[in-house]
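Spelled out from the first residue to the last, the chains are:
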Amino acid sequence: MSKTRWWRPVIVTAVAATAVAVSVPTMVSAAASRPAAGPRVPVLHWRSCGHGFQCANARVPLDYRHPRGRTIRLAVMRHRATGPGRRLGSMFFNQGGPADQLDTFPQAYQQIPATIRARYDVVSFDPRGFGESTAIRCFPTQADENRALSRLPLFPVGRRQQKSWERTVARYDARCGRTSGALLAHDSSADVARDMNLLRQAVGDRALNYYGESYGTGLGAIYANLFPARTGRMIFDGNISLAEWSRDRGLPPGLRDGSDVADADTMAAFLRLCGRVSTSTCAFSAGTPARTTAKWNELLRRLLRHPVASDQPKVVWTYADVLTDFPEYQFTSWPDDAALLQQLWVNSTHKIPSGTPLLQPLAGVRLEQILAVGCSDVPSPRNPAAYVRAARAGYARSGGFGLYEAWHYAPCAWWPREAATDHYAGPWNRRTASPILIVGNTTDPATPYSNSVAMARDLARARLLTVRGYGHTEITNPSACAANYETRYMLTGALPPAGTVCHQDATPFGA
């Protein structure tokens, strides 16, 4: 899993509790003086969509305050249990984001332990606002959106870029407020959790079994606290910090939860391990960890002076591109990353010709769909000046990674205020029907290990499984030890012993 450009695959939780946050409300009819009907459970008409997968569409309420009012569509996909043994129900699977799920679900499905796939139907769906479900659209086509964002860097470096960046984002956000429609007010993670509860009923399960990665851990935590009596066996892998993402302390979320430090620490590990091996194993190695770290810092200084071309045709990397893309979330990709960094190092003494097009990182990304969830859920400063101050503090703490995290949620400063209608901000300690298994890697560039510790502490019934190793999420950086505990839990409900620590199956660069 490479690093997600612009928006990280981490959770979005909430800003303030409201009446709809804890349950679907009961509406009283003046005529009948009895509770109004709740939302209808969708009827799923499954059809084959290739390679053993089945697809269906579901209708769910746009606004859960009006559960029998206007509906929207959810695109759903599943793979039936593969084994001959007793089926244990369905397991819902969220790969993180917030993002489309179905495009990559067939590939991600293969990462789930085979024994779990044998006993569970595995179900995924594009959340409201995304993909093949009813989607947020600020522009008629992706090409129109790409043109609007064509000169927008991943984050601004310097005052001149900052002013241009702010003007572009403010115009973009204003357009979204005019054109994105009623879904904008009902596109929070709490709405997605309520959708998931209806889908649970639609597949006939009494409780929700679930595997959530990254952002999916926050979505799962919201579900567990909205519907504690319907919480089955749930695994959260690569966790967000509920307290930090729910509480506004005047800082952007990526600095509140220490994501900038996690980025910097993981890059430091990349350079340390690379420097211990030869260039045949890690092309960017300078012979020792110290010299390899110095080489990285010099490359960043050169990138600040001018962009650098890679050997791929028409691909030019800026300072922001490199800090956003490295280190990758899957450590088995680190040797390829090292080869690319070495290309940039060799080419960094040459200025690119004037007018050479830069890397366009936003192509293919529907940014408005990500912002619609992130700016609804995450308490972020509304004053643009707060991000300028945060960028200075972030840079002092973790270098360029601090700049990235400081600006990451800055579009929320101008995002339409009506987007934050249905968010959930706790409580997080409702006693669930089943305990939850929390899995965290100790060196994770996206969701710090401390987040997993906090998630296990904040939930009412949870057990932490520590994986000593690198990368974002265990499922994409495998540990057979952890997978065995996860499988046992999903099949029997048995948790690992308290304090269990597993190791990954391999190490970066074999170091």
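In this report, the structure presented in the accompanying data block is examined. (Residues numbered from 1 in each chain as written. Predicted model: local features only at pLDDT ≥ 70, side-chain atom pairs only at ≥ 80, totals over all residues. Heavy atoms only, no water.)

Examining the overall build of the protein chain
Scanning the protein chain from terminus to terminus reveals 18 helices and 12 strands. Taking the contacts inside the protein chain whose residues are at least 6 apart along the sequence as the reference set, 77% of them involve residues at least 24 apart. When the accessible surface of the protein chain is summed, it comes to about 19500 Å², and 52% of that surface belongs to carbon and sulfur atoms. Between the averaged position of the 58 positive side-chain charges in the protein chain and that of its 39 negative side-chain charges there is a distance of 3 Å. (Helix = DSSP H or I, 4+ residues; strand = E, 2+ residues; numbered from the N terminus. Contact = heavy atoms within 4.5 Å. Areas by Shrake-Rupley, 256 points an atom, 1.4 Å probe, with all protein chains shown as cover. Lys, Arg positive; Asp, Glu negative; His and termini not counted. Charge placed at Lys NZ, Arg CZ, Asp CG, Glu CD.)

A word on the sheet that holds strand S11 (residues 462-470)
One open sheet holds the 10 strands; their spatial order is S1-S2-S3-S5-S4-S6-S7-S10-S11-S12, and the pairing between them is mixed. Edge strands, defined here as strands with exactly one partner in the open sheet, are strand S1 (47-48) and strand S12 (501-503). In terms of strand pairing, strand S4 (residues 89-94) meets strand S6 (residues 208-213) through four bridges, oriented parallel. Counted as the bridge partner of Asn94 is Gly212 from S6. (Pairing = 2+ DSSP bridges.)

As for the pairing of strand S2 (residues 53-61)
Note that S1 and S2 share two bridges and pair antiparallel. Counted as the bridge partner of Ser48 is Gln54 from S2. The antiparallel hairpin formed by S1 and S2 contains four residues in its connecting segment, where Gly50 sits at a positive phi of about 95 degrees. In this sheet, strand S3 (residues 71-79) lies alongside S2 in antiparallel orientation, the contact comprising nine bridges. Within S3, the position partnered with Ala56 by the bridge is Val76.

Side note on the packing of aromatic side chains
In total, this model carries 18 aromatic pairs according to the counting rule given. With 6.2 Å between their ring centres and 45 degrees between their planes, Phe155 and Tyr404 make a pair best called tilted. With Phe155 in the loop between helix H4 (142-148) and helix H5 (159-179) and Tyr404 in helix H16 (residues 400-407), this residue pair connects regions lying 249 residues apart in the sequence. For Phe155, a relative accessible area of 0% puts it in the buried group. Judged by its relative accessible area of 2%, Tyr404 is buried. Aromatic side chains Tyr223 and Phe227 sit 5.0 Å apart centroid to centroid with 40 degrees between the ring planes, which places their arrangement in the tilted category. Comparing Tyr223 with Phe227, the two get one shared label, buried. Across from the ring centre of Phe284, 4.5 Å away, lies the NZ or CZ of Lys295, which sits over that ring. (Phe/Tyr/Trp six-rings, centres within 6.5 Å; stacked < 30°, edge-to-face > 60°. Buried < 20%, exposed > 50% of the residue type's maximum accessible area, 1.4 Å probe, protein only. Lys NZ or Arg CZ within 6 Å of the ring centre and 35° of its normal.)

Side note on unusual backbone geometry
Residues apart from glycine generally show negative phi values, whereas peptide bonds are mostly found in trans. For the bond from Phe326 to Pro327, the omega torsion is -10 degrees, close enough to zero to count as cis. Following Gly426, the chain continues into Pro427 via a peptide bond in cis, with omega recorded as 10 degrees. Here Pro427 shows up in the loop between H16 and strand S10 (436-443). In this structure, Ser214 takes a positive phi of about 55 degrees despite not being glycine. Here Ser214 shows up in the loop between S6 and helix H7 (215-226).

Quick look at the state of the cysteines
For the structure shown, the criterion picks out five disulfides. Shown here is the disulfide that connects Cys274 with Cys282, its sulfur atoms set 1.9 Å apart. Looking along the S-S bond of the Cys274-Cys282 disulfide, the torsion reads about -90 degrees, which is the left-handed sense. Its relative accessible area of 0% is what places Cys282 among the buried residues. The partner cysteine of Cys375 in its disulfide is Cys412, sulfur to sulfur 2.1 Å. Between Cys375 and Cys412, the S-S dihedral sits near -85 degrees, and the bridge is therefore left-handed. Of the two residues, Cys375 sits in helix H14 (residues 367-377) while Cys412 sits in the loop between H16 and S10, which places them 37 residues apart along the sequence. There is no split in this pair, since Cys375 and Cys412 are both buried. Once the disulfide-bonded cysteines of the protein chain are ranked by sequence position, their pairing pattern turns out to be 1-2, 3-4, 5-6, 7-8, 9-10. (Disulfide = S-S within 2.5 Å.)

A look at the packing of helix H15 (residues 384-398) against H16
Orientation of H15 relative to H16, taken along the N-to-C sense of each, is 150 degrees, at an axis distance of 6 Å. Considered as vectors, H15 and H16 are oriented roughly antiparallel to each other. Considering how the two elements wind past one another, H15 and H16 form a crossing that is right-handed. From H15, Tyr387, Val388, Ala390, Ala391, Gly394, Tyr395 and Ser398 reach across to H16, where they touch Gly400, Phe401, Gly402, Leu403, Ala406 and Trp407. Classifying every residue of the contact of H15 with H16 gives nine nonpolar, four polar and no charged. (Axes fitted to C-alpha atoms, helices over the stretch in contact; angles between N-to-C directions. Parallel < 35°, antiparallel > 145°, perpendicular 65-115°, else oblique. Left-handed = near helix turned anticlockwise from the far one by under 90°. Nonpolar A, V, L, I, M, F, W, Y, C, P; charged D, E, K, R; others polar.)

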